[in-house]
Amino acid sequence: MDIKKLVHKHIFDIKPYIPGKPVEEVQRELGLSDVLKLASNENLFGPSPKVVEAIRAAASDVNYYPDGGAYYLREKLAARFGVKFENVVVGNGTDELIRILCTATLGPEDEVVFADPSFVMYKISAMVSDATLVSVALRDDLTHDIPAMLDRVTDRTKLLFVCNPNNPTGTFNKKDDIRKLIDEVPDHVLVVFDEAYYEYADDPDYPQTLDYFKAGKDVVVLRTFSKIYGLAGLRIGYGFVSEEMGDVVHRVRNPFNVNQLAQTAAMAALDDQEHVRSAIEFCKKGRSQLYAEFDKMGLSYAPTQANFILVDVGRDSVEVFGELLKKGVIVRPGTHLGFPTRLRITMGSESDNEKLVRALKEVLGK
Ligand SMILES: *Cc1c(COP(=O)(O)O)cnc(C)c1O
């Protein structure tokens, strides 16, 4: 069979997502016993022990299908954020919600506006729908160029993604930028705020986009349990959408898109806000530690509002990545992310960060 004829042509334009290398594989390949993964913005503080207990307790019921409507979790999220039950959707990771929004709205006639470099899933999901990609370069300070993005909106634009804080830069767009966007974006464009790192953002000028949603603006706000709640392996994200858009999501999604262990874990995670506060503290300590070390090493970096940092090592990032790998530290080279001389590094514990810094000093001869 000629698969090239069978499959839609545009599918072959998609470059598969490159995940961070799994720890076990690196250990086996390099014969190392102690490998530290700082490559995928995972929460190295880990999930709440109460969550782990809840998963254990729910494990013996996996012969049943999950609650397909995620009724209790959505109710909990609605109460917590002060929106209606109908305004909450959950997905198999926020990735799935991005895919669903694209599937439901985009076709070959449509355009989607996003920043570059930014989170790659907007591009991949839009390409699955064969839509026209309109990517707008970040400003020099590595934030979204909102005026330029508005300039690129046409009659065909359906979605406009804003990743805030932005991955892979850790930078954020301030209240004024977002107000301008909301004020000036035409009515036919749905603005999607991807706030995967929302809880880590502590700058007083970080915008509260959920307020725009509550005020009836045509925006979607996406959040996740993968980052601050430390549940990346379970795949669960959530979003706030209008009732009408919620109805659309329920038509497109798989009936059992979020497994029961994930739903149970997410509810237990919401109940342990003390753990969330500790995870935020963990990250903030990591930020100051790495800022100080990079300053000493004379490396420039973008100030971050997330649990990772983009640092310029002034050399080919794939090479530096490879040398760090040999020392048992996995980071993300910036080359595939649009930053050939930078590394994206997830914050770890104090000793994790020390290990990273030690390895980096050796590799860079500092
Ligand atoms: C990690 C991340 C997500 C969420 O991923 P899921 O694990 O699918 O919930 C979404 N957007 C950005 C920018 C991210 O970095």
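Here, the structure is the one placed above.
All of these numbers come straight from a predicted model, not from anything done at the bench.

S.K.: So, the overall build of the chain: which residues are in play, and what are the values?
M.R.: A count of helices and strands for the chain gives 14 helices and 13 strands. Computed over C-alpha atoms, the radius of gyration of the chain comes to 21 Å, within 12% of the 21 Å expected from 2.2 N^0.38 for 366 residues, which places it in the range of a compact globule. Principal-axis analysis of the C-alpha atoms places the extent of the chain at approximately 55 × 55 × 50 Å. Looking at the chain residue by residue over its 366 residues, the buried ones come to 55%. Put simply, 73% of the contacts in the chain that link residues at least 6 apart link residues at least 24 apart. Surface accessibility of the chain: about 16,700 Å² in total, with carbon and sulfur atoms responsible for 51%. Counting 45 positive and 54 negative side-chain charges, the chain places the centres of these two groups 3 Å from one another.

S.K.: Pulling in residues and values, what's your account of the packing of helix α5 (residues 94–105) against helix α10 (residues 243–252)?
M.R.: The interhelical angle for the contact between α5 and α10, taken along N-to-C directions, is 95 degrees, at an axis separation of 10 Å. With respect to each other, α5 and α10 are oriented roughly perpendicular. Contacts from I100, L101, T103, A104 and T105 of α5 reach α10 at M245, V248, V249 and V252. Residue composition of the contact of α5 with α10, grouped by class: seven nonpolar, two polar and no charged.

S.K.: Hey, could you go over helix α14 (residues 350–364) for me, with residue numbers and the actual values?
M.R.: The α-helix advances 3.6 residues per turn, and as a result positions three or four apart in sequence lie on the same side. Between the first and last C-alpha of α14 there are 21 Å, a value that for 15 residues agrees with the 21 Å anticipated at 1.5 Å per step. Those residues of α14 not exposed but buried are D352, N353, K355, L356, V357, A359, L360, V363 and L364. Its buried side turned inward, α14 meets β1 (36–37), α12 (273–297), α13 (317–326), β11 (329–330) and β13 (342–346). Directly after α14, the chain includes G365, whose backbone phi takes a positive value near 65 degrees.

S.K.: Requested: an account of the packing of α13 against α14, with residues and values cited.
M.R.: Packing of α13 against α14 brings their axes to within 10 Å, and their N-to-C directions diverge by 125 degrees. Considering the angle they form, α13 stands oblique to α14. Along this stretch, α13 crosses α14, giving a crossing that reads as right-handed. Along its contact with α13, which presents V320, E323 and L324, the element α14 presents A359, L360, V363 and L364.

S.K.: Outline the site of the ligand, listing residues and values.
M.R.: Around the ligand, a shell composed of 13 residues is seen, among which D194, Y197, T224, S226 and K227 lie nearest. At 3.2 Å from an oxygen atom of the ligand is found a side-chain nitrogen or oxygen belonging to K227. Within the complex, 94% of the 380 Å² of free accessible area of the ligand lies under protein. With respect to the detected pockets, the ligand is housed in the largest pocket.

S.K.: Got a sec to walk through the layout of surface pockets? Specific residues and values, please.
M.R.: Computed from the structure, the largest pocket encloses a volume of approximately 1,200 Å³. Within the residue set of the lining of the largest pocket, elements represented by two or more residues are α5, β3 (111–116) and α6 (120–128). Take the lining of the largest pocket: its biggest share by element is five residues, from α6. When grouped by side-chain class, the residues that make up the lining of the largest pocket number 20 nonpolar, 12 polar and 12 charged. Taken as a whole, the second largest pocket encloses approximately 210 Å³ of empty space. Together, 15 residues line the second largest pocket, and L190, D218, V219, S242 and M245 are the ones closest to its centre. Contributing elements (two or more residues each) for the lining of the second largest pocket: β5 (157–163) and β7 (219–224). In terms of residue class, the lining of the second largest pocket is made up of seven nonpolar, four polar and four charged.

S.K.: Tell me about the pattern of salt bridges, and name the residues and values.
M.R.: Applying the stated rule across the entire model yields 20 salt bridges. The closest approach of N and O atoms between D202 and R287, which form a salt bridge, is 3.5 Å. Linking D202 in the loop between β6 (190–194) and α9 (209–214) with R287 in helix α12, this pair joins segments that are 85 residues apart in sequence. For D202, a relative accessible area of 39% gives the class partly exposed. Shared partners join several salt bridges into a network, and the residues in it are R139, D141 and D177.

S.K.: An account of the pairing of strand β8 (residues 237–240) is requested, with residue identities and associated values reported.
M.R.: A regular strand carries its side chains on alternate faces of the sheet. The side-chain alternation of β8 yields two buried faces, one formed by G237 and G239 and the other by Y238 and F240. With four bridges joining them, strand β2 (residues 88–91) and β8 adopt antiparallel strand pairing. Within β8, the residue paired with G91 across the bridge is G237. Pairing between β7 and β8: four bridges, direction antiparallel. When the sheet's bridge partners are listed, V221 is paired in β8 with F240.

What counts, and at which threshold
- Residues numbered from 1 in each chain as written.
- Predicted model: local features only at pLDDT ≥ 70, side-chain atom pairs only at ≥ 80, totals over all residues.
- Heavy atoms only, no water.
- Helix = DSSP H or I, 4+ residues; strand = E, 2+ residues; numbered from the N terminus.
- Rg over C-alpha atoms; globule rule 2.2 N^0.38 Å.
- Buried < 20%, exposed > 50% of the residue type's maximum accessible area, 1.4 Å probe, protein only.
- Contact = heavy atoms within 4.5 Å.
- Areas by Shrake-Rupley, 256 points an atom, 1.4 Å probe, with all protein chains shown as cover.
- Lys, Arg positive; Asp, Glu negative; His and termini not counted.
- Charge placed at Lys NZ, Arg CZ, Asp CG, Glu CD.
- Axes fitted to C-alpha atoms, helices over the stretch in contact; angles between N-to-C directions.
- Parallel < 35°, antiparallel > 145°, perpendicular 65-115°, else oblique.
- Nonpolar A, V, L, I, M, F, W, Y, C, P; charged D, E, K, R; others polar.
- Expected span 1.5 Å × (residues − 1).
- Left-handed = near helix turned anticlockwise from the far one by under 90°.
- Near = heavy atom within 4 Å.
- Polar contact = N/O pair within 3.5 Å; in protein donor to acceptor, adjacent residues only side chain to side chain.
- 1 Å grid on protein atoms, 1.4 Å probe; cavity = no way out; pocket = protein on both sides within 12 Å on 5 of 7 lines; lining within 4 Å.
- Sits in = over half its atoms within 2 Å of the grid points.
- Points joined across faces, edges and corners; volume = space filled by probe spheres on them.
- Salt bridge = Lys/Arg side-chain N within 4 Å of Asp/Glu carboxyl O.
- Pairing = 2+ DSSP bridges.

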